[in-house]
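What follows is each chain in one-letter form.
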Amino acid sequence: VQLVESGGGLVQSGGSLRLSCAASGFTFSAYPMNWYRQVPGKERELVAGISSAGGSTDYADSVKGRFTISRDNTKNTVYLQMNSLKPEDTAVYYCYTRIQWGRVKDYWGQGIQVTVSS
């Protein structure tokens, strides 16, 4: 299983970025996907989640109305569109899924830095 994030970088406050997470090694369309973020010294925080078919989404209160999670099951990719970015959105963002192969195993991407300047 591989989860590879892309699309991070430096953006000014109020700007936008779109993160992508390309998945391989499992039946992507069968599993919910999530985006987390982490700031040094703090716990990893769930940002957004999407159901396997994409019909259901959920967001942290801190990003509701600004971020949109989506997926393309034909491309095995999940996205996080981030608008109206704030300095407090600065973090390393991770793609995540949990797969049951008989036993449950968690998979994380390598993480990608998003920095929002004020």
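Since this is a predicted model, take the numbers as computed values, not measurements. (Residues numbered from 1 in each chain as written. Predicted model: local features only at pLDDT ≥ 70, side-chain atom pairs only at ≥ 80, totals over all residues. Heavy atoms only, no water.)

Now for the overall build of the protein chain. Helix and strand counts for the protein chain stand at 0 helices and 11 strands. Counted from the first residue to the last, the protein chain has its helices and strands arranged as β-β-β-β-β-β-β-β-β-β-β. The globule rule puts the C-alpha radius of gyration for 118 residues at 13 Å, and the 14 Å found for the protein chain is close to it. Residue pairs at least 24 apart in sequence account for 52% of intrachain contacts in the protein chain once pairs closer than 6 positions are excluded. In the protein chain, 12 positive and 9 negative side-chain charges are present, and the distance between their average locations comes to 4 Å. (Helix = DSSP H or I, 4+ residues; strand = E, 2+ residues; numbered from the N terminus. Rg over C-alpha atoms; globule rule 2.2 N^0.38 Å. Contact = heavy atoms within 4.5 Å. Lys, Arg positive; Asp, Glu negative; His and termini not counted. Charge placed at Lys NZ, Arg CZ, Asp CG, Glu CD.)

In this section: the environment of Met82. As for its placement among the helices and strands, Met82 is situated in strand 8 (residues 77-82). In this structure the C-alpha to C-alpha distance between Met82 and Thr68, which are 14 residues apart in sequence, comes to 6.6 Å. Apart from the residues within four sequence positions on either side, Met82 is in contact with Gly15, Ser16, Leu17, Leu19, Arg66, Phe67, Tyr93 and Val114.

So, about the packing of aromatic side chains. If you walk through the whole model with that rule in mind, you get 6 aromatic pairs. Judged by centre distance (5.4 Å) and plane angle (75 degrees), the ring pair of Tyr36 and Tyr96 falls under edge-to-face. Of the two residues, Tyr36 is situated in strand 4 (residues 33-38) and Tyr96 in strand 9 (residues 91-100); the sequence distance between them amounts to 60 residues. In this structure Tyr96 comes out as buried when scored by relative accessible area, which is 8%. Between Tyr36 and Trp108, the aromatic rings sit 4.9 Å apart at their centres with planes inclined by 70 degrees, giving edge-to-face as the arrangement. Highlighted residues: Tyr36 in strand 4 and Trp108 in strand 10 (residues 104-108), separated in sequence by 72 residues. We classify Trp108 as partly exposed; its relative accessible area is 36%. The aromatic ring of Tyr94 is capped on one face by Arg44, whose charged end is 3.7 Å from the ring centroid. Sitting above the plane of the Trp108 ring, Arg44 keeps its charged end 4.5 Å from the centroid. (Phe/Tyr/Trp six-rings, centres within 6.5 Å; stacked < 30°, edge-to-face > 60°. Buried < 20%, exposed > 50% of the residue type's maximum accessible area, 1.4 Å probe, protein only. Lys NZ or Arg CZ within 6 Å of the ring centre and 35° of its normal.)

On the secondary structure map, Asp89 appears in the loop between strand 8 and strand 9. Within the structure, Asp89 has its side chain in polar contact with the side chain of Arg37 (distance 2.9 Å). Not counting the four nearest positions on each side in its chain, Asp89 is found in contact with Arg37, Arg66, Phe67, Ser84, Val114 and Val116. (Polar contact = N/O pair within 3.5 Å; in protein donor to acceptor, adjacent residues only side chain to side chain.)

Another point: the state of the cysteines. Taken as a whole, this structure holds 1 disulfide when the rule is applied. Here Cys21 is linked by a disulfide to Cys95, with a sulfur-sulfur distance of 2.1 Å. With the S-S bond torsion at -85 degrees, the cross-link from Cys21 to Cys95 turns out left-handed. Here the residue Cys21 occupies a position in strand 3 (residues 17-24), and Cys95 occupies one in strand 9, the gap between them amounting to 74 residues. One exposure class covers both Cys21 and Cys95, and it is buried. (Disulfide = S-S within 2.5 Å.)

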